[in-house]
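Each chain, letter by letter, is given below.
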Amino acid sequence: MKVLGCTGGIGSGKSYVANIFGKMGIPLYDSDYRAKFLYDSDRQLRSQMIALLGEGIVKDGIIQRGVIASMIFNDKNLLTEVEALVHPAVMRDFCKWKESLKNESNYCNAPFVIMESAILLEKPAVRACAHKVLTVSAPLELRIERVMARDNVTRKQVLERMSAQWSDNERAENADFIIFADGKRALLPQIRSVYDAMGML
């Protein structure tokens, strides 16, 4: 089954666009959401994370993602080690999910599936799963406004998050499709164009 990778910077509208595809009958895999779930549901990942970071990341039998975040925030080497565990776990889960669709009558004939991931283009192991890549783009100030309103954070905090991600230009240069979620151009015609192009692969 063909895979469309859907990516975009924080506040770009990628989740909104991905959900529209979902309403059109396209199976959607949200890698960020699944990664959080896998910390406790994937026994291999759980054991690896505890071995790497210690028993202190577990409270009442549940891995504390906030504790992990604080540990890796200013430690790039540790972040790399954590990603080396999490990304393969997500890929394993994605492959199982995609295989399971063959037994679901609502989705078995879908022309493609979507993997939504903020880091899809930045991580070769994740990029390798997608036949084509769609990036969702929006003006910087609009993205900042969206995230401030959504997460109740300051402009400075939003810019700090953005600084850790690729720019829209970098994503555009490495994507097959671009959808502009700028509030000016209609989304549905853009989405339909990508849908049709994927259906012809």
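Note: the structure precedes this text.
A brief report on the enclosed structure follows. (Residues numbered from 1 in each chain as written. Predicted model: local features only at pLDDT ≥ 70, side-chain atom pairs only at ≥ 80, totals over all residues. Heavy atoms only, no water.)

**A look at the overall build of the chain**
Here's step 1: Check the secondary structure of the chain and you find 10 helices and 7 strands.
Here's step 2: The C-alpha radius of gyration computed for the chain amounts to 18 Å, which stays within 12% of the reference 17 Å derived for 201 residues, consistent with globular compactness.
Here's step 3: Across its three principal directions, the C-alpha atoms of the chain cover 50 × 45 × 25 Å.
Here's step 4: Residues classed as buried in the chain amount to 40% of the 201 residues present.
Here's step 5: Here the analysis covers contacts within the chain between residues at least 6 apart in sequence; of these, 72% occur between residues at least 24 apart.
Here's step 6: The average position of the 27 basic charges and that of the 24 acidic charges among the side chains of the chain differ by 3 Å. (Helix = DSSP H or I, 4+ residues; strand = E, 2+ residues; numbered from the N terminus. Rg over C-alpha atoms; globule rule 2.2 N^0.38 Å. Buried < 20%, exposed > 50% of the residue type's maximum accessible area, 1.4 Å probe, protein only. Contact = heavy atoms within 4.5 Å. Lys, Arg positive; Asp, Glu negative; His and termini not counted. Charge placed at Lys NZ, Arg CZ, Asp CG, Glu CD.)

**Some remarks on the packing of helix α7 (residues 140-151) against helix α8 (residues 155-163)**
Packed helices, taken two at a time, are described by their axes: the angle between them and the distance between them.
Here's step 1: The N-to-C vectors of α7 and α8 enclose an angle of 115 degrees; their axes lie 9 Å apart at closest approach. Considering the relative orientation of α7 and α8, their crossing is right-handed. From α7, L140, E141, R143, I144, V147, M148, R150 and D151 reach across to α8, where they touch R155, V158, L159, R161 and M162.
Here's step 2: Of the residues assigned to the contact of α7 with α8, the class counts are 7 nonpolar, no polar and 6 charged. (Axes fitted to C-alpha atoms, helices over the stretch in contact; angles between N-to-C directions. Left-handed = near helix turned anticlockwise from the far one by under 90°. Nonpolar A, V, L, I, M, F, W, Y, C, P; charged D, E, K, R; others polar.)

**A few points about the sheet that holds strand β2 (residues 28-30)**
Here's step 1: Ordered in space as β2-β5-β1-β6-β7, the 5 strands form an open sheet in which the pairing is parallel. The strands lining the two open edges of the sheet, one partner per strand, are β2 and β7 (177-180). On average, each strand axis in the sheet is inclined to that of its neighbour by 25 degrees, with strand direction left out of account.
Here's step 2: Taken together, the 3 bridges between β2 and strand β5 (residues 113-116) define a ladder with parallel strand orientation. Bridge pairing in β5 places D30 opposite E116.
Here's step 3: Lying on the sheet, helix α2 (residues 31-41) is in contact with β2 and β5; it crosses β2 at an angle near 55 degrees.
Here's step 4: Each of β1 (3-8), β6 (132-137) and β7 is contacted by helix α10 (residues 187-199), which is oriented at about 165 degrees to β7, the strand it contacts most. (Pairing = 2+ DSSP bridges.)

**A closer look at the nonpolar core**
In a soluble, globular protein the nonpolar side chains are often hidden away together inside.
Here's step 1: In terms of nonpolar packing, the biggest core is built from 32 residues, with L45, M49, I68, V86, V90, F94 and M115 touching the most fellow members.
Here's step 2: It is helix α5 (residues 76-100) that contributes the most residues to this core, 9 residues altogether.
Here's step 3: Beyond its immediate sequence surroundings of up to four residues, L45 is in contact with L38, Y39, L85, V86 and A89.
Here's step 4: V17, A18, F21 and L187 belong to the second-largest nonpolar core, a separate cluster that totals 19 residues. (Core = buried A, V, L, I, M, F, W, Y, C linked by side-chain atoms within 4.5 Å.)

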